[in-house]
Amino acid sequence: MNPAIRRVGAMLILLLLVLVGQLTYLQIVDANNLNKNPHNVRTLLQNANRPRGDIITADGTVVAHSVTVNDGTEFKYQRQYPTAGLFSQVVGYQSFVFGSTGVENTYNSDLTGQSLRVQLHSLGDLLSGTQGTGNVVLSLRADLQRTAQAALGSQRGSVVVLDVQTGNVLAMYSNPTFDPNPLVSHNAQFAQAAFTLLNANPDHPSLPRAYRELYPPGSSFKTVTASVALEDGVATPDTTFPFLTQLTLPQTTATLQNFGGENCGGTLTQSFTQSCNTTFGRLGLELGEQFPPGMAKFGIGAAPPLDDAPGAVASTGLVPGSFAQNMPQFAFAGIGQGVIAVTPLQMALIADGIANGGVVMTPHVASEIRDANGKVVERINPSPWMTATTPQVAAAVTQLMINVVQSGTGTAAQIPGVAVAGKTGTAQNAPGQAPHAWFIAFAPAQAPKYAVAVIVEHGGNAGSEATGGAVAAPIAARMLRTALGLP
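Keep in mind it's a predicted model, so treat the numbers as computed, not measured.

(A) Local environment of the pairing of strand S15 (residues 376-379). Both strand S14 (residues 366-371) and S15 contribute to a ladder of three bridges, which runs antiparallel. Counted as the bridge partner of Ile369 is Glu378 from S15. What sits between S14 and S15 in their antiparallel hairpin is a turn of four residues, with Gly374 showing a positive phi close to 90°.

And the structure:
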């Protein structure tokens, strides 16, 4: 055979093998990713034109369901969201134009009856040729979600409530929010106009601030600083610190000042109760290279594994190995400023870790998957995410947080007859902007059931006069009262 022909033949065989390999990869190995790709029009149309199960809250409110329609389009079903913006940043939406987000995306295969766990419980539907569906039961409670909505009112911010022992997200609300119903319209032009208007809003109502937006936590982060210092033996609750109005920062002529120019110090317990910046800035310096790994144990620098697409964003912390070159940042990190940036969910998880004896639970927004007949197909079982500290340190920090609510900066979070453990935060922003008001807490303090994190952006209605104790603490108390079934 002519060598040239042989080379051409070999090249053709090689190209055929490459083609077969690529087709095999696309159809088998990468099929799942292609099906989930938001730009896959075929998948969007298939999902929009098939029956879809309900999404229901833990207390029985239907927040997403489908109805049959005959609206002149090729679609047989229309997705509806009866509670509009109350749950939209958790539930998301299912649109044939824009794809899916939130729970609609994460649990798409269950809702459409395509997951193996639903199909195994719907063999009768499979044999009869009927398209079975699954229902998703959320861990969120409608009563708590409504309380968060009412408590924030017109103020921008977020509220997160967790079940301490399970990691169940019981409430996760952010203001502003949005109504997903226009986005799922079968009229593509109408849906596109609504989407464009939504994204043009400078307040970004489609942004799930609770788990996708980063903020400086301010003094609420002193719970982490205190925990790391106690566990690493840098301090005890009785360690004393000098009374100062400001702390001179090494490697610079700048200073770290106490809130309002206050002169404070004393024991760690006293400093925590009064939220003394100079004490905790000093602790950040004394911890040095012990600080970054201590933060990491609380999840700082990682993204919480939340089952809500597109997922939670990672918080930011100190860079290991940078202390010698950048000591002032370690001081600022001690008071939750500088490079420290977190989501409200992350701060709720920090409170959860202290309340749960040092173990941070994996957060999740779904609790059960059920078949179309209401039978439980699978329960989302609790699992630990991080071991933040020891039970002994968690107990010590709990007492520090109890003092804050009993006699410190967080007295507005008191609940008659219930011991509350909490920590305030007033986080500075860019020059000229009012501070964020923070509060994290859990209750009952000695037998914790619920953990909460509240942020009111730029002080809300109080503006530049805001503090975490005055603005965010009352909201946290209101959430805990509702969770505990108190008036």
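(B) Up close: the pattern of salt bridges. If you walk through the whole model with that rule in mind, you get 12 salt bridges. As a salt-bridge pair, Arg79 and Glu104 come within 2.8 Å of each other at their nearest N and O atoms. With Arg79 in strand S3 (residues 77-80) and Glu104 in helix H5 (residues 102-106), the pair connects residues that are 25 residues apart, well separated along the chain. The pair Arg79 / Glu104 is uniform in exposure class, with both members buried. In this structure, Glu457 engages Arg156 in a salt bridge whose closest nitrogen and oxygen atoms are separated by 2.8 Å. Linking Glu457 in the loop between strand S19 (450-456) and helix H19 (468-483) with Arg156 in the loop between helix H9 (142-152) and strand S7 (157-163), this pair joins segments that are 301 residues apart in sequence. Through salt bridges with shared partners, a single network forms among Arg156, Asp203, Arg209 and Glu457.

(C) Region of interest: the state of the cysteines. Considering all chains together, one arrives at one disulfide under this definition. Residue Cys264 pairs covalently with Cys276 via a disulfide, S to S 2.1 Å. Disulfide Cys264-Cys276: torsion about the S-S bond near 90°, hence right-handed. With Cys264 in strand S12 (residues 264-267) and Cys276 in the loop between helix H13 (268-273) and helix H14 (277-287), the pair connects residues that are 12 residues apart, well separated along the chain.

(D) Region of interest: the sheet that holds S14. Here we have six strands laid out as an open sheet, ordered S3-S2-S1-S6-S14-S15, and mixed in their pairing. At either end of the open sheet lies a strand with only one pairing partner, and these are S3 and S15.

(E) Region of interest: the packing of aromatic side chains. In total, this model carries six aromatic pairs according to the counting rule given. Ring geometry for Tyr93 versus Phe178: centroids 6.4 Å apart, planes at 85°, classification edge-to-face. One end of the pair, Tyr93, is in the loop between helix H4 (88-91) and strand S4 (94-95); the other, Phe178, is in the loop between strand S8 (169-175) and helix H10 (188-200), and 85 residues separate them in sequence. Look at Phe178 and you get buried, because its relative accessible area is 7%. Taking the centre distance of 4.1 Å and the plane angle of 15° together, the rings of Phe98 and Phe195 count as stacked.

(F) Region of the structure containing helix H17 (residues 344-355). If you check H17, its first and last C-alpha atoms are 17 Å apart, about what 12 residues at 1.5 Å a residue would give, namely 16 Å. Along H17, 12 of the 12 residues are buried, which leaves the element largely enclosed by surrounding structure. Taken from the residues just after H17, Gly357 is the one with a positive phi, measuring 70°.

(G) Quick look at the pairing of S7. Of all seven residues that make up S7, six are buried, and the element is covered over most of its length. One ladder, built from six bridges, connects S7 with S8; its direction is antiparallel. When the bridges of S8 are listed, Gly157 appears paired with Asn175. Two elements, S7 and S19, share seven bridges in a ladder whose sense is antiparallel. Each bridged residue has a counterpart across the sheet, and for Val159 the counterpart in S19 is Val454.

Conventions adopted
Residues numbered from 1 in each chain as written. Predicted model: local features only at pLDDT ≥ 70, side-chain atom pairs only at ≥ 80, totals over all residues. Heavy atoms only, no water. Pairing = 2+ DSSP bridges. Helix = DSSP H or I, 4+ residues; strand = E, 2+ residues; numbered from the N terminus. Salt bridge = Lys/Arg side-chain N within 4 Å of Asp/Glu carboxyl O. Buried < 20%, exposed > 50% of the residue type's maximum accessible area, 1.4 Å probe, protein only. Disulfide = S-S within 2.5 Å. Phe/Tyr/Trp six-rings, centres within 6.5 Å; stacked < 30°, edge-to-face > 60°. Expected span 1.5 Å × (residues − 1).

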